[in-house]
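# Breakdown of the fold
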Amino acid sequence: MTKKLFIKTYGCQMNVYDTVRMGDVMAPLGYSLADSVEGADLVILNTCHIREKAEEKVYSELGRIRQEKEKKAAEGSRMLIADGGCVGQAEGEEIIKRAPFVDIVLGPQSYHQLPEMVTRATREKGGVVELEFPTVQKFDLLPESSAPQGSAAFLSVQEGCDKFCSFCVVPYTRGAEYSRKPEKVIAEARRMVDQGSVEIMLLGQNVNAYHGEGVGGRNWSLADLIDALARIDGLHRIRYMTSHPRDMSDDLIAIHGSEPKLMPYLHLPIQSGSDEILKRMNRKHTVDFYLDIIDRLRKARPDMAFSSDFIVGFPGEGEKDFEGSMQVVEKVGYASAYSFKYSPRPGTPAAVDDKQVPEEVKDERLMRLQELIRNKQTSFNESCIGRVMPVLLDRDGKLEGQLLGKSPYMQSVHVKNAGEYRGQFVDVKITGAYLNSLAGEVVGIQDNINFRKAV
Ligand code: SAH
Ligand code: SF4
Ligand code: F3S
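Residues numbered from 1 in each chain as written. Chains lettered and ligands numbered in written order. Predicted model: local features only at pLDDT ≥ 70, side-chain atom pairs only at ≥ 80, totals over all residues. Heavy atoms only, no water.

### What to know about the packing of helix 1 (residues 13-26) against helix 5 (residues 114-123)
For any two helices packed against each other, the geometry comes down to the angle between their axes and how far apart the axes lie. Defined as follows: Lines fitted to C-alpha atoms define the axes here, with helix axes fitted over just the stretch in contact, and angles between the N-to-C directions of these axes take values from 0 to 180 degrees. Under the DSSP-based scheme used, a helix requires at least four consecutive residues in state H or I and a strand at least two consecutive residues in state E, with every element numbered from the N terminus. By definition, residues are in contact when any of their heavy atoms lie within 4.5 Å. All residues other than Ala, Val, Leu, Ile, Met, Phe, Trp, Tyr, Cys, Pro, Asp, Glu, Lys and Arg, Gly among them, are scored as polar; the first ten of these are nonpolar and the last four charged.
Where helix 1 contacts helix 5, the two axes come as close as 9 Å, and the packing angle between them is 65 degrees. Judged by residue contacts, M22, V25 and M26 of helix 1 engage L114, P115 and V118 from helix 5. The residue inventory of the contact of helix 1 with helix 5, partitioned by class, reads 6 nonpolar, no polar and no charged.

Put into structure tokens, the structure is as follows:
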């Protein structure tokens with residue numbers, strides 16, 4: 001008998017990958033994925049702890065799921081609720097104290113043990129909590145097969161972080177830095193391509209710190225891995241995120257110039273445009289160091305585009321420091337960028353800093369920064385008008401016959417009356433630019449690309 005599994009995902013792409021894998025872990029036990037919580041036998045919240053808001057969302061969602069659980073109980077059957085992901089890891093037993101109807105608490109490093117936890121939770125009362133960072137890596141214990149992800153797939157190659165930026169919970173929720181073995185990554189990428197994926201995003205909290213141990217003990221860098229993956233027939237686009245400026249090694253910069261399958265777009269967070277604040281953040285790089293990497297990447301690949309993350313109102317941030325962040329946005333001319341108000345996180349050094357910035361100052365700075373970022377994003381999009389770029393039209397647009405796809409620079413491109421090109425890589429001439437997307441028309445088809453099962 002099949003059982004219904006509903007997983008709700010919050011946070012970063014690594015959680016999106018983990019959600020797919022949790023589905024893979026539970027499939028052999030007869031669980032199939034459902035798209036709503038109603039009537040589900042098992043509900044997993046795959047949560048994010050990065051900012052306070054992300055954490056609050058989880059508790060309000062739990063309240064809603066509780067009602068569904070009660071409804072199901074009234075019908076005489078049981079719904080198990082699992083709180084997984086980074087909030088699970090960070091809060092542990094506290095979750096069950098606050099929400100006693102939660103049956104299972106687990107972290108991002110223990111979800112391969114889900115079947116066993118589900119069995120225990122069915123038998124035992126009081127909640128099952130599993131938060132160890134097991135010595136055997138979960139990746140080695142996950143099923144070989146995986147559900148198809150469609151034309152663009154996420155693939156985690158690195159996990160955890162040893163950088164300990166003073167604002168960040170990731171080193172505590174994901175644990176120490178770990179790189180998967182290259183042969184495992186390559187095998188998984190091949191499977192993804194066999195299942196119809198043509199683009200792979202390599203993931204890691206610090207993906208460019210990748211240092212996988214290959215056959216014979218050889219140490220593989222991320223550039224080595226990209227080089228090997230690029231040889232897979234049928235894989236047409238490779239991306240990676242998130243990178244730390246300190247780990248942008250020479251070989252990684254160089255491969256942007258030599259490997260056409262590696263897309264000319266990089267998410268490279270700087271966090272602040274002030275050396276003083278970067279020091280307080282324990283980022284271990286300066287503004288000039290960062291700008292030099294951008295220059296070198298543009299030399300290697302002149303059409304390279306960038307995005308970044310910024311934190312505003314970090315403890316001790318004065319107006320001049322903030323202006324530094326504005327200047328970085330001006331200088332780099334980002335294609336897009338994310339910006340957040342500093343959110344003090346329990347257990348991190350910056351949370352107890354006595355130079356906290358008042359909320360209204362953070363609000364005002366965030367508004368200014370976001371306006372500038374929007375301007376830069378629009379300018380970047382406008383600079384694309386007239387260019388022809390390859391786009392995989394893999395999604396339906398809102399209008400009849402309209403299709404959507406991603407440009408090499410991660411912009412959404414929509415094309416009208418394109419029904420016949422569904423699932424194909426086409427050359428699109430850009431005719432219109434907006435804040436969050438481009439419009440264009442098909443001017444050619446990319447040759448020799450056979451999409452077996454593109455959806
Ligand atoms: N590993 C990546 C980012 C991981 S978290 C890196 O090193 O850049 C994603 C983003 O969330 C960060 O880049 C940062 O901008 C933001 N972030 C992390 N902790 C935060 C906090 N306490 N308050 C506000 N934003 C935060
Ligand atoms: Fe967090 Fe810093 Fe590690 Fe990124 S590098 S995950 S911001 S501690
Ligand atoms: Fe959030 Fe954990 Fe990712 S805290 S950003 S889900 S690593």
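Okay, back to it.
### Looking at the site of ligand 2
Which entries qualify depends on this criterion: Any residue with a heavy atom positioned within 4 Å of a molecule or strand is treated as near that molecule or strand.
Around ligand 2, the structure places C161, K163, F164, C165, F167, C168, V170, P171, N206, H244 and R283. For the shell around ligand 2, the per-class residue count stands at 7 nonpolar, 2 polar and 2 charged.

### Considerations on the sheet that holds strand 21 (residues 437-445)
Two modes of strand pairing occur in sheets, parallel and antiparallel, and in both the strands are linked by backbone hydrogen bonds. Filter applied, for reference: Whether two strands pair depends on DSSP finding at least two bridges between them.
The 5 strands lie next to each other as 17-18-19-21-20, forming a closed barrel whose pairing is mixed. Each neighbouring strand pair of the sheet contributes to a mean axis angle of 55 degrees, computed without reference to strand direction. Summarising the sheet, strand 18 (residues 403-406) and strand 19 (residues 412-415) pair through 4 bridges and their orientation is antiparallel. Looking at strand 19, one finds that G405 is bridged to V413.

### Details of the nonpolar core
This is how it is decided: Put simply, a nonpolar core is a bunch of buried Ala, Val, Leu, Ile, Met, Phe, Trp, Tyr and Cys residues held in one set by side-chain atoms that sit within 4.5 Å of each other. Accessible area is worked out with a 1.4 Å probe on protein chains only. A residue is then buried under 20% of its type maximum, exposed over 50%, and partly exposed in between.
By size, the foremost hydrophobic cluster in this structure holds 90 residues, and its most contacted members are L202, L225, Y240 and Y334. Discounting chain neighbours no more than four positions away, the residues touching Y334 are I270, Y290, F306, S307, S308, F310, V328, V329, K376, Q377 and F380. Core analysis: the next-biggest nonpolar cluster, separate from the first, contains 21 residues, I65, M79, I81 and V87 among them.

### With respect to the side chain of R283
What counts here: Under the convention used here, Asp and Glu are negative, Lys and Arg are positive, and both His and the chain ends fall outside the count. Basic side-chain nitrogens of Lys or Arg form a salt bridge, by our definition, when they fall within 4 Å of a carboxyl oxygen of Asp or Glu. Here a polar contact is recorded for every N or O atom pair within 3.5 Å, except that within protein the pair must consist of a potential hydrogen donor and a potential acceptor, and residues adjacent in sequence are included only if both atoms are side-chain atoms.
Checked against the element boundaries, R283 lands in the loop between helix 11 (275-280) and helix 12 (287-300). Buried and unpaired, R283 has D309 as its nearest opposite-charge partner, separated by 7.7 Å. Within the structure, the side chain of R283 is placed 3.1 Å from the backbone oxygen of P269, a separation counted as a polar contact.

### Regarding the pairing of strand 21
In this structure, strand 19 lies alongside strand 21, joined through 4 bridges in parallel fashion. By the bridge assignment for strand 21, V415 is matched with G440. Where strand 20 (residues 425-433) and strand 21 come together, 7 bridges link them in antiparallel fashion. Residue pairing in the sheet places A433 in a bridge with L438 of strand 21. With antiparallel pairing between neighbouring strands as the criterion, strand 20 and strand 21 make up a hairpin whose turn holds 3 residues.

### So, the sheet that holds strand 6 (residues 128-130)
An order of 2-1-3-4-5-6 is seen for the 6 strands of this open sheet, with the pairing classed as parallel. Of all the strands in the sheet, just strand 2 (31-33) and strand 6 have a single pairing partner and so form its edges. For this sheet, the mean angle separating the axes of adjacent strands, direction not counted, is 20 degrees. Examined bridge by bridge, strand 3 (residues 42-47) and strand 4 (residues 80-84) share 5 bridges and lie parallel to one another.

### Focus on the site of ligand 1
The following threshold applies: Methods summary: accessible areas were calculated by the Shrake-Rupley approach with a probe of 1.4 Å, and residue burial reflects only the protein chains presented.
Near ligand 1 there are 15 residues, and of these R51, Q205, Q271, D309 and S343 occur at the shortest range. In this structure, an oxygen atom belonging to ligand 1 sits 2.7 Å away from a side-chain N or O atom of Q271. Interatomic distance of 3.4 Å between a side-chain N/O atom of R283 and an oxygen atom of ligand 1. Protein coverage of the free-state accessible area of ligand 1, which is 540 Å², stands at 89%. Every element with two or more residues in the shell around ligand 1 is listed here: strand 15 (305-312) and strand 16 (336-341). For the shell around ligand 1, the residue count by class is 6 nonpolar, 4 polar and 5 charged.

### Considerations on the pattern of salt bridges
Side chains bearing opposite charge may pair, as long as their charged atoms lie close to each other. Applying the stated criterion to the full structure yields 35 salt bridges. With a closest N to O distance of 2.7 Å, E55 and R345 form a salt bridge. Of this pair, E55 sits in helix 2 (residues 52-74) while R345 sits in the loop between strand 16 and helix 14 (359-383), placing them 290 residues apart in sequence. Residue class for R345 comes out buried when judged on its relative accessible area of 2%.

### Here we look at the pairing of strand 15
We apply this condition: Handedness of a crossover: with both strands directed away from the viewer, a clockwise path from the first strand across the helix to the second marks it as right-handed.
Among the 8 residues that make up strand 15, 8 are buried, leaving the element largely enclosed by the rest of the structure. Residues A305, S307, D309 and I311 of strand 15 are buried on one face, and the alternating residues F306, S308, F310 and V312, pointing to the opposite face, are buried as well. Where strand 14 (residues 265-267) and strand 15 come together, 3 bridges link them in parallel fashion. Each residue of the ladder has a partner; that of Y265, found in strand 15, is A305. Pairing of strand 15 with strand 16, which is carried by 6 bridges, proceeds in the parallel orientation. Bridged to V312 within strand 16 is K341. Each parallel crossover has a hand, and the one from strand 15 via helix 13 (residues 319-332) to strand 16 is right-handed.

Remember that the coordinates give geometry; whether it matters functionally is a separate question.
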